[in-house]
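Listed here are the chains, written in short residue letters.
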Amino acid sequence: MKSLKQLAVSTAALGVALGLSFAAQAEMMIGFSQIGSESGWRTSETESIKAEAEKRGIDLKFSDAQQKQENQIKAVRSFIAQGVDGILLAPVVETGWDQVLQEAKDAGIPVVLVDRGVAADESLYLTKVASDFVVEGALAAAWLAAETNGVCDVVELQGTVGSSAANDRKEGFESVVGNFPGISIIRSQSGDFTRSGGKEVMESFLKAEDGGKNICAVYAHNDDMALGAVQAIKEAGLNPGDDILIVSIDAVPDIFKAMADGDTNATIELNPHLGAPAFDAIKASMDGQEVPKWIKANGPLYLPDTAAEEYKMRSK
């Protein structure tokens with residue numbers, strides 16, 4: 001017969017083992033389908049979500065779609081097969097998600113859209129954690145209208161064709177400039193949210209518009225394309241930020257360096273720290289709580305007067 005001391009030790013060991021077992025069962029397993037790494041902002045979003053998952057003890061299954069929707073659909077189906085507790089989806093485009101979202105719903109797995117939206121029935125996903133892209137575009141236009149007294153020929157660097165970010169940022173910008181007869185969007189083309197794409201498209205705009213003499217401003221759907229435009233403008237012998245104004249969206253560290261150097265004029269922040277509200281939404285759903293269909297995360301507009309300080313803080 002075991003002594004009381006041996007029994008106590010055995011009971012304690014069993015308690016620890018059960019505690020570890022319960023802890024393992026309590027840990028959430030979440031799938032995260034990311035668009036890719038096309039921009040500095042996208043990389044920051046990925047890093048922040050991974051860090052938040054690690055902080056919370058979440059087993060995060062990560063998939064980089066390399067900007068292809070078919071890769072994202074395969075990833076979501078893989079997550080479903082693995083029996084994850086929830087899925088984070090940053091959709092590369094708005095359409096084509098109904099079938100796979102229905103599959104996740106049928107499996108009882110909540111899907112949280114991060115950063116971008118989809119053109120699907122709201123019942124197919126739990127919530128969207130994202131900025132209001134229409135507001136971002138409108139804010140960029142309002143700044144430009146004030147800066148130019150409502151007179152400006154603008155070229156637009158659009159984001160990925162079919163993405164909610166590109167569609168909505170264009171809509172928001174046009175909704176404001178439409179009130180100013182002196183502001184015209186004279187050229188508009190996708191740079192696919194990349195720095196190289198922004199440079200290439202801006203080069204074609206400059207050639208088409210008498211070396212840039214007809215261009216008053218650039219409206220870029222993200223900072224990376226704006227930074228590509230800066231390179232193209234400099235190579236054309238003009239001064240970006242002076243000869244041609246530049247307003248963009250994201251507020252990545254490099255754009256603050258560019259503003260501090262006088263190369264760009266304004267940026268609107270897109271918050272990349274979406275992991276906490278996304279994980280909170282999944283946990284709330286698991287606990288039977290009601291979750292709003294859109295958790296907004298909008299940021300402010302930044303100008304050159306604070307750019308150097310912001311760059312110092314954000315580039316650490």
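Residues numbered from 1 in each chain as written. Predicted model: local features only at pLDDT ≥ 70, side-chain atom pairs only at ≥ 80, totals over all residues. Heavy atoms only, no water.

1. What about the overall build of the chain?
The criterion, for reference: Note on conventions: DSSP H or I runs of at least 4 residues are helices, E runs of at least 2 residues are strands, and numbering of each starts at the N terminus. Burial classes follow relative accessibility: with a 1.4 Å probe on protein chains only, a residue under 20% of its type's maximum area counts as buried, one over 50% as exposed, and anything between as partly exposed. Any two residues whose heavy atoms approach within 4.5 Å at even a single point are treated as in contact. Here Asp and Glu are counted as negative and Lys and Arg as positive; His is not counted, and neither are the chain ends. Lys charges are placed at NZ, Arg charges at CZ, Asp charges at CG and Glu charges at CD.
When you go through the chain residue by residue, the secondary structure sums to 11 helices and 12 strands. Counting only C-alpha atoms and orienting by the principal axes, one finds that the chain spans roughly 95 × 40 × 30 Å. Here the chain holds 316 residues, and the buried ones make up 51% of them. Taking as baseline every contact in the chain between residues at least 6 positions apart, the subset at least 24 positions apart corresponds to 73%. Averaging the positions of the 28 positive and the 46 negative side-chain charges in the chain gives two centres separated by 7 Å.

2. Considering helix α9 (residues 253-260)
Here is the rule we go by: Think of the arc as the fan of directions from the helix axis to the C-beta atoms.
Turning to α9, its buried residues number three or more, namely Ile255, Phe256, Ala258 and Met259. Down the axis of α9, the sector holding all buried residues measures 160°, keeping them to one side. As for α9, its buried residues are in contact with α8 (223-235), β9 (245-250), β10 (266-270), β12 (298-302) and α11 (307-314). Positioned one or two residues after α9, Gly262 has a phi angle of 85°, which is positive.

3. Brief notes about the packing of α8 against α9
Inclusion rule: Geometry is summarised by axes, namely lines fitted to C-alpha atoms with helices restricted to the contacting stretch, and by angles between N-to-C directions that run from 0 to 180 degrees. Angle categories: roughly parallel below 35 degrees, roughly antiparallel above 145, roughly perpendicular from 65 to 115, and oblique for all the rest. Whether a crossing is left-handed or right-handed is set by the direction in which the near helix is turned from the far one by less than a right angle, anticlockwise for left-handed and clockwise for right-handed.
At a closest axis distance of 9 Å, the pairing of α8 and α9 adopts a crossing angle of 40°. Classed by the angle they form, the pair α8 and α9 counts as oblique. For α8 against α9, the interelement crossing comes out left-handed. Taken together, the residues of α9 that come into contact with α8 (itself represented by Asp223, Ala226 and Leu227) are Asp254, Ile255 and Ala258.

4. Details of the packing of helix α2 (residues 40-56) against helix α10 (residues 275-286)
Our working definition: Residue polarity is assigned by list, with Asp, Glu, Lys and Arg as charged and Ala, Val, Leu, Ile, Met, Phe, Trp, Tyr, Cys and Pro as nonpolar; anything else, Gly included, falls into the polar class.
Contact geometry for α2 and α10: axes closest at 9 Å, N-to-C directions at 50°. Here α10 runs oblique to α2, going by the angle between their axes. In contact with Ile49, Glu52, Ala53 and Arg56 of α2, α10 contributes Gly275, Ala276, Phe279 and Asp280. The residue inventory of the contact of α2 with α10, partitioned by class, reads 4 nonpolar, 1 polar and 3 charged.

5. Some points on the UniProt feature "domain: Periplasmic binding protein" (unreviewed entry) in the chain
The criterion, for reference: UniProt positions are given in the numbering used here, feature names are shortened, and annotations may be inferred rather than shown by experiment.
The feature "domain: Periplasmic binding protein" (unreviewed entry), as annotated in UniProt, sits at residues 30-289 in this numbering. Between the C-alpha atoms that bound residues 30-289 the distance is 19 Å, and the span itself is 45% helix and 20% strand.

6. What about the sheet that holds strand β8 (residues 217-220)?
Applied cut-off: Should DSSP find at least two bridges between two strands, the strands are taken to pair.
Pairing within the open sheet is mixed, and its 6 strands lie in the order β7-β6-β8-β9-β10-β12. A single partner strand is all that each edge strand has here, and the edge strands are β7 (183-190) and β12. Each adjacent strand pair in this sheet contributes to an overall mean axis angle of 15°, direction not counted. Judged from the 4 bridges that link them, β9 and β10 form a sheet pairing that is parallel. Bridge pairing links Asp250 to Glu269 in β10. Sitting on the sheet, α8 touches β6 (152-158), β8, β9 and β10, and the angle it makes with β9 is about 155°.

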